[in-house]
Amino acid sequence: MKKIISIIGARPQFVKASLVSKKLRGKYREILVHTGQHYDLNMSDIFFKQLKIPKPKYNLGVGSGMAGWQTGKMIIEIEKILIKERPNLVIVYGDTNSTLAGSLAAAKLHIPLVHIEAGMRSGRLDMPEEVNRILTDHIASLLLCSTPTAIKNLKKEGIVKNVYLVGDIMADILCENIKLAQKHSQIIKKIKLEKGQYFLATVHRAENTDNKNNLKQILTAFSKIPNKIIFPVHPRTRGYIKSYDFENIISKSPYLTLTEPISYFDMLMLQKNALAILTDSGGIQKEAYELMVPCITMRDETEWIETVNSGWNKLTGASSRKIIDATVKLHKPAKHPNLYGKNVADKIVNIIDGKIKILKDFDAQTKKN
Ligand code: UD1
């Protein structure tokens, strides 16, 4: 049986891997490697439990740190595992430091690399995610794209071989889990929310958290919106709110409720029942679209441009005035085209099936060197 190693490490990757791994198991020996980029109960363990992801064979326990240190430490450990396990293929997801570390370790050992969610671009090299995406795409052997825009982006960079449009895996997973979330999540009752009467907010992008003025603008907007806002706070953001001494901004609003990071099922329920969502997350822009909830994206650009073009997503940047303005001009378009496909996990596995047949095993690949 051929062997596949999937590298995961951050919250959205646990979600993405849950379904692909389920489809790979049985056909292949899939080994999960968790880098430990996210490590708390709320940021990691709860996702494995809810989405029934098997315990990773390896957990590198890398934890937090500067990007170079974090990525470097991951590469060193992943390389050791790849040499020991001799996989036929390595899979990476998205654009995190764990993605880049897995990609570099695999590419240097000449192990074929599959990038799921390839070709996303913001055009901003000051985003760590953009650097991770570009580098990964240029060394991947198989590039599986969520949208036609991603295919075009790759073409502009000269990448045309082994590129496939499969659709977006997050949409597939949402579809698989929404009923379970409805059954198991108590969050709406627990925090006494009225359906369609509150905003849901998330902020965690480095461009919005590490930048003092951007975070101030966003929190100021939250504190001035005269409507209930539920704000599950990412640990990175919590750290910056404290270090910039911004607690005084948020404490002004009687409407704003901060919570710890929440589980996937709770997040789906909070999104589904929100009046609108305020976010800088990539995944949440798509989930909002799939759930037909208007989204306000507190960034100047988005990789998921179709959500904006369809009228369901509004870009405001980190401008307090524009954010508040967008919350009073909410708009639900009449049309809701299918942007992200269907049966995406099956398509991914079919393409991998086709490719893996012609792959040589690890020893044959490394003997060449
Ligand atoms: C990462 C990804 C981003 C992705 C996001 C999802 C990169 C460059 N960025 O950013 O693309 O959208 O994950 O959440 O990889 N922390 C905890 N507990 C945890 C995990 C993190 O307290 O379980 C804290 C750490 O102290 C650290 C920060 O949160 O300060 C995490 O930073 P980082 O590893 O860069 O990840 P994210 O900011 O989450």
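Quick note: structure is the one above.
Residues numbered from 1 in each chain as written. Predicted model: local features only at pLDDT ≥ 70, side-chain atom pairs only at ≥ 80, totals over all residues. Heavy atoms only, no water.

## Overview of the packing of aromatic side chains
Selection criterion: Here is the rule: rings of Phe, Tyr and Trp (six-membered ring for Trp) pair when centre to centre is within 6.5 Å. Planes less than 30 degrees apart are stacked, more than 60 are edge-to-face, and the remainder are tilted. Helix numbers and strand numbers start at the N terminus; a helix is a DSSP run of H or I with at least 4 residues, a strand a run of E with at least 2. Exposure classes here rest on a 1.4 Å probe applied to the protein chains alone. A residue is buried below 20% of its type maximum, exposed above 50%, and partly exposed in between. Here, a charge over a ring means that NZ of Lys or CZ of Arg falls within 6 Å of the ring centre while also lying within 35 degrees of the ring normal.
Under the counting rule described, the total for this entry stands at 9 aromatic pairs. Ring geometry for Phe14 and Phe47: centres 6.4 Å apart, planes at 50°, overall tilted. Taken together, the residues Phe14 in helix H1 (residues 11–24) and Phe47 in helix H2 (residues 41–50) connect sequence positions 33 residues apart. Under the relative-accessibility criterion, Phe14 is labelled buried at 0%. Plain terms: the ring middles of Tyr289 and Trp312 are 6.2 Å apart, the flat faces sit at 85° to each other, and that makes the pair edge-to-face. With Tyr289 in helix H14 (residues 282–290) and Trp312 in the loop between helix H15 (305–309) and strand E13 (313–315), the pair connects residues that are 23 residues apart, well separated along the chain. No difference in accessibility class separates Tyr289 from Trp312, as the two residues are buried. Linked through ring pairs, Tyr289, Trp304, Trp312 and Tyr340 together constitute an aromatic cluster. Directly above the ring of Trp304 sits Lys286, whose terminal nitrogen or CZ lies 3.8 Å from the centroid.

## Focus: a nonpolar patch on the surface
Note the cut-off: Patches draw on residues past 30% relative accessible area with no salt bridge. Two like charges within 9 Å are joined, as are two nonpolar side chains (Val, Leu, Ile, Met, Phe, Trp, Tyr) within 5 Å. Here the accessible surface of atoms and residues is derived via Shrake-Rupley with a 1.4 Å probe, and residues count as covered only by protein chains that are part of the display. For salt bridges, the criterion is a side-chain nitrogen of Lys or Arg within 4 Å of an Asp or Glu carboxyl oxygen.
On the surface, Leu125, Val131 and Leu135 cluster together to form a nonpolar patch covering roughly 260 Å² of accessible area. Taking the relative accessible area as the measure of exposure, Val131 reaches 31% and is therefore partly exposed.

## Description of a positive patch on the surface
As a reminder of what qualifies: The convention is simple: Lys and Arg are positive, Asp and Glu are negative, and His and the chain ends are not counted. To locate a charge, take atom NZ for lysine, CZ for arginine, CG for aspartate or CD for glutamate.
Taken together, the side chains of Lys212, Lys216, Lys224 and Lys252 present a region of like positive charge at the surface. By the element assignment, Lys224 lies in helix H10 (residues 212–224).

## Some points on the pairing of strand E5 (residues 113–118)
Convention followed: In this description, strands pair whenever DSSP reports at least two bridges between them. Throughout, right-handed denotes a crossover for which the path from the first strand over the helix to the second runs clockwise when the strands point away from the viewer.
Counting buried positions along E5 yields 6 of 6 residues, so the element is predominantly enclosed. As paired elements, strand E4 (residues 89–93) and E5 share 4 bridges and run parallel to each other. Considered in E5, the bridge of Ile91 is made with Val114. In this fold, E4 hands off to helix H4 (residues 97–108), which returns the chain to E5; that crossover is right-handed.

## Considering the side chain of His34
As a reminder, the rule being used: By the criterion applied in these results, polar contacts are pairs of N or O atoms within 3.5 Å in which, for protein atoms, one can donate a hydrogen and the other can accept it, and in which residues neighboring in sequence qualify only through two side-chain atoms. Residue contacts are counted whenever heavy atoms from the two residues lie within 4.5 Å of one another.
Its location among the elements puts His34 in strand E2 (residues 29–34). According to the relative accessible area criterion, His34 is buried, its value standing at 2%. A polar contact is formed between the side chain of His34 and the side chain of Ser44, at a distance of 3.0 Å. When sequence neighbours within four positions are dropped, the list of residues in contact with His34 reads Ile8, Gly9, Phe14, Ser44, Phe48, Pro56, Tyr58, Asn59 and Leu60.

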